[in-house]
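Okay, here's what each chain looks like letter by letter:
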Amino acid sequence: MQKAVWLQDLEPPLQKALSLHLADLGLFKAVSENEWRLVGFEGLMEDEVAVREFMKKRVSELACTDAGFALVYF
């Protein structure tokens, strides 16, 4: 699923920083050390288009919050 979410040329350290920030904002929830879940997504994770659209909507919403103001810098 990472390929559906991240740009191909996005460096791993930036992916990690953004992922952690999005988790802090409540977009992801850790269910184990190596597995995170997308909070609020009700569709099939295999549906890359639906996942991408859900994330675009949620990130846009989060960017409008006081806590998510820094998302525009990523």
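Here the structure is a predicted model, which is why all the values come from computation and not from measurement.

1. What about the overall build of the chain?
Right, so step 1: Summing up its helical and strand segments, the chain has three helices and two strands in all.
Right, so step 2: For 74 residues, the compact-globule estimate of 2.2 N^0.38 gives 11 Å, and the chain sits close to it at 12 Å.
Right, so step 3: Projected onto its principal axes, the C-alpha coordinates of the chain cover approximately 30 × 25 × 25 Å.
Right, so step 4: Residues counted as buried form 27% of the 74 residues belonging to the chain.
Right, so step 5: Summarising the internal contacts of the chain: among those between residues at least 6 apart in sequence, 42% fall at separations of at least 24.
Right, so step 6: Counting every atom, the chain has about 5600 Å² of accessible surface; 56% of that belongs to carbon and sulfur.
Right, so step 7: Side chains of the chain carry 8 positive and 12 negative charges; the gap between the two charge centres is 1 Å.

2. Overview of the confidence of the model for the chain
Right, so step 1: In this model, the chain carries a mean pLDDT of 85, and residues with pLDDT of at least 70 account for 92%.
Right, so step 2: Helix α3 (residues 48-63) holds the highest mean pLDDT among the elements of the chain, 91, whereas helix α1 (residues 2-5) holds the lowest, 58.

3. Looking at the environment of Val-31
Right, so step 1: Following the sequence through the fold, Val-31 ends up in strand β1 (residues 28-32).
Right, so step 2: C-alpha of Val-31 to C-alpha of Lys-56: the two residues are 25 residues apart in sequence and 22 Å apart in space.
Right, so step 3: Not counting the four nearest positions on each side in its chain, Val-31 is found in contact with Trp-36 and Arg-37.

4. What about helix α2 (residues 12-24)?
Right, so step 1: Taking 1.5 Å as the rise per residue, α2 with 13 residues should run 18 Å; its terminal C-alpha atoms sit 18 Å apart, in good agreement.
Right, so step 2: Within the sequence span of α2, burial applies to Gln-15, Leu-18, Ser-19, His-21 and Leu-22. All buried residues of α2 project into a common sector of 165° when viewed along the axis, lining one side. In α2, the exposed positions angled more than 90 degrees off the buried face are occupied by Pro-12, Pro-13, Lys-16 and Asp-24.
Right, so step 3: The secondary structure elements touched by the buried residues of α2 are β1, β2 (35-38) and α3.
Right, so step 4: Two residues or fewer past α2, Gly-26 is found with a positive phi of approximately 95°.

5. A closer look at the nonpolar core
In summary, soluble globular proteins display a tendency toward joint burial of nonpolar side chains.
Right, so step 1: Core analysis: the biggest nonpolar cluster contains 12 residues, these being Leu-18, Leu-22, Leu-25, Leu-27, Phe-28, Leu-38, Phe-41, Val-51, Phe-54, Met-55, Leu-62 and Leu-71.
Right, so step 2: Broken down by secondary-structure element, the contributors of at least two residues to this core are α2 and α3.
Right, so step 3: Here this core takes four residues from α3, the largest share from any one element.
Right, so step 4: In contact with Leu-71, other than residues within four places in its own chain, are Leu-18, His-21, Leu-22, Leu-25, Val-59, Leu-62 and Ala-63.

What counts and how
Residues numbered from 1 in each chain as written. Predicted model: local features only at pLDDT ≥ 70, side-chain atom pairs only at ≥ 80, totals over all residues. Heavy atoms only, no water. Helix = DSSP H or I, 4+ residues; strand = E, 2+ residues; numbered from the N terminus. Rg over C-alpha atoms; globule rule 2.2 N^0.38 Å. Buried < 20%, exposed > 50% of the residue type's maximum accessible area, 1.4 Å probe, protein only. Contact = heavy atoms within 4.5 Å. Areas by Shrake-Rupley, 256 points an atom, 1.4 Å probe, with all protein chains shown as cover. Lys, Arg positive; Asp, Glu negative; His and termini not counted. Charge placed at Lys NZ, Arg CZ, Asp CG, Glu CD. pLDDT = per-residue confidence, 0-100. Expected span 1.5 Å × (residues − 1). Arc of directions from axis to C-beta. Core = buried A, V, L, I, M, F, W, Y, C linked by side-chain atoms within 4.5 Å.

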